[in-house]
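Spelled out from the first residue to the last, the chains are:
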Amino acid sequence: MNRTYVNKEGSIERKWFVVDAAGIPVGRLAAQVAQVLRGKHKPTFAYNADCGDFVIIINAEKVVLTGGKKDELIYWHTGWPGGLKNVSRGDMLENDPVKMVEKAVWGMTPKTKLGKALFKKLKVYKGSEHPHEAQNPQPLNVRKEK
């Protein structure tokens, strides 16, 4: 009789990956990074465990919005009366590209305690420099088109 393998917290090996976001559409980048953060690329993947890797995204200001997405508005509510806010994706990309990429990746992770733990393993930087050289990050190839 075969037994189901269950990941132990100490047995999970975490790697560091670095992604150059220059010229990559935001949605494709977010989808592939979310899979690595979740650990779906590993044979030991479990839905109920955080078995993913760390991801560093550099050159966040050079991501691409395809089609008419620059003019689309992003809405959110502050929770206070009259707190409905909006900003266009193009303005967000110009003013705060790090937040734009983070919101895209957050939209593709589970909205639970597990999702918050996964999101803490994402590091996004505006330029091409990052302070994580000591972790020896490996390059992660993100497909530009399917």
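Residues numbered from 1 in each chain as written. Predicted model: local features only at pLDDT ≥ 70, side-chain atom pairs only at ≥ 80, totals over all residues. Heavy atoms only, no water.

In the nomenclature of an unreviewed UniProt entry, the protein corresponds to Large ribosomal subunit protein uL13 from the organism Fimbriimonas ginsengisoli Gsoil 348. The UniProt entry for the protein carries the following text under Sequence similarities (unreviewed entry): "Belongs to the universal ribosomal protein uL13 family." In UniProt, the protein has this text filed under Function (unreviewed entry): "This protein is one of the early assembly proteins of the 50S ribosomal subunit, although it is not seen to bind rRNA by itself. It is important during the early stages of 50S assembly." (UniProt positions renumbered as here; feature names shortened; annotations may be inferred.)

*Asks:* Honestly, the pattern of salt bridges in this entry has me stumped. Any pointers?
*Replies:* Should their charged atoms come close, side chains of opposite charge can pair. Enumeration over the complete set of coordinates arrives at 4 salt bridges. A salt bridge links Arg14 to Asp50; the shortest N-O distance between them is 3.8 Å. Taken together, the residues Arg14 in the segment before strand S1 (16-20) and Asp50 in the loop between helix H1 (26-38) and strand S2 (54-58) connect sequence positions 36 residues apart. Overall, the relative accessible area of 28% leaves Arg14 in the partly exposed class. A relative accessible area of 17% places Asp50 in the buried class. We note a salt bridge from Glu72 to Arg89, for which the minimum N-O separation is 3.3 Å. Of this pair, Glu72 sits in the loop between S2 and strand S3 (73-77) while Arg89 sits in helix H2 (residues 89-95), and the two are 17 residues apart along the sequence. Given a relative accessible area of 38%, Glu72 falls into the partly exposed group. Overlapping salt bridges bring together Arg14, Asp50 and Lys121 as one network. (Salt bridge = Lys/Arg side-chain N within 4 Å of Asp/Glu carboxyl O. Helix = DSSP H or I, 4+ residues; strand = E, 2+ residues; numbered from the N terminus. Buried < 20%, exposed > 50% of the residue type's maximum accessible area, 1.4 Å probe, protein only.)

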